[in-house]
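Descriptive structure summary
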Amino acid sequence: MDELEPTATEGSELQPVVEAAGDGTPTRRGAKLEEGAALCLSGGGTRALLFHLGALWRLNELGMLPLVERISSVSGGSIVAGVLAMNWDELEFDGHGRAGRFSEAVEKPLRAFSRRTHDVPAGIRGVFGRGSTAQAYAAALARHLYGDRTLQDLPDRPRFVFNASNLQSTALFRFSKPYCADYRVGRILQPRFRLADAVAASGAFPPFFSPLVLDLREHKLAEDAGNDLHFAPYTERALLADGGLYDNLGLETIYKRYRTLLVSDGGGRTEAEPRPQTDWIRQPLRLMKILDLQVRNLRYRMLMHAYDTGQRDGAFWGIRSDVASFRARNSLPCPVAATQRLARIPTRLAKVPEVTQEQLINWGYAVADASLRAHLRPDAVPPTQFPYRDAGVGRA
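Report on the accompanying structure. Because the structure is predicted, anything quoted here is derived from the model rather than measured. (Residues numbered from 1 in each chain as written. Predicted model: local features only at pLDDT ≥ 70, side-chain atom pairs only at ≥ 80, totals over all residues. Heavy atoms only, no water.)

A few points about the environment of glycine 126
Turning to its location among the elements, glycine 126 is positioned in helix α4 (residues 119–128). You can call glycine 126 buried: its relative accessible area is 11%. Note: C-alpha distance between glycine 126 and glycine 76 (50 residues apart in sequence) is 20 Å. For glycine 126, the contacting residues outside a window of four places in its chain are Gly131, Ser132, Thr133 and Ala136. (Helix = DSSP H or I, 4+ residues; strand = E, 2+ residues; numbered from the N terminus. Buried < 20%, exposed > 50% of the residue type's maximum accessible area, 1.4 Å probe, protein only. Contact = heavy atoms within 4.5 Å.)

Points about the layout of surface pockets
Approximately 1,200 Å³ is the volume attributed to the largest pocket. Along the walls of the largest pocket sit 44 residues, with Phe205, Phe208, Lys289, Thr347 and Arg348 positioned nearest its centre. The greatest single-element share of the lining of the largest pocket, amounting to 9 residues, is contributed by helix α9 (residues 282–309). Looking at the lining of the largest pocket residue by residue, the classes come out as 16 nonpolar, 14 polar and 14 charged. Considered as a void within the structure, the second largest pocket measures approximately 400 Å³ in volume. For the second largest pocket, the lining is made up of 16 residues, of which Asp265, Arg269, Asn297, Tyr300 and Arg320 are closest to its centre. When residues of the lining of the second largest pocket are traced back to their parent elements, those giving at least two are α9 and β11 (313–318). With 4 residues, α9 is the largest single contributor of residues to the lining of the second largest pocket. (1 Å grid on protein atoms, 1.4 Å probe; cavity = no way out; pocket = protein on both sides within 12 Å on 5 of 7 lines; lining within 4 Å. Points joined across faces, edges and corners; volume = space filled by probe spheres on them. Nonpolar A, V, L, I, M, F, W, Y, C, P; charged D, E, K, R; others polar.)

See below:
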């Protein structure tokens, strides 16, 4: 059984974080949080994937990756986390905590993945071939990134958690090496699900890619206190969709335990629309986006409140941030008009042109640097150039 985890402090009864067996003791005032750092990688398709890659690049330069105890991810962030996890033991960290093989093991496979369109082919295979669209997406992830790696092939530390939403229980379904869990259904200890299936479930966006159906019948589910749905059919199969439906930042699984929270947000944004469509097909899609926006805002406000009141420390950076707002000295030049164009790239798993890939990576690198130096590492030496010097982040 996983160790019990300490939980939130002041105002925790107002925070949208669910206690679960294996994740924490019952919320209590004054509970001590661990001093280790945890990292969230949000959803947002290939756009977020490349943005997070840039942020990881800067974290690696600062020697901070080995300091991270847990990495929690959703959707596009889970693609990045999966590649980082499967190659963690091959990164060759030096005495300063920098991975010498970061480019070879992480950057190159993710750049290659971003040169292909994956959502449309997976959709076609799902509709006209055998199996579901989600299964076709998992097959593509296995073919291009993960092979037959399972959750048991991941490192013990840091712990990687891939988050999906359970359409049956309405709760979060978490994939990790020690266990898979739904706090209402139960836990599968030492699960041997494929890494590709965990990442696909985390990014099974409705209605196109969801649900990914996970067969639980050959797995023994441990029953814990509070598992009010520990019976069939919940214990026989799980119908899983994008983790962003529940928590697009991936904040749930780290907030209850760690004091230092690093959050990279490459998610999209629902814009105002003067004449929204009101037909039976497009209106529900618009409503889904509005609900998604409110979930994001709720998590964001919870995080900012925790930073502001001193309950947590850390750093947040987002694809829609203004780098100047962090007031970090000698930040790289990132005109707001240029970075906002990058932020408006559609949330898809579509091919991204080479120069746009480089600009997204540069932007994630630059804004993560500004936030980290402003809030955690004020003595760090500012970078003198982008990872891809000639690309910048685009023109203003």
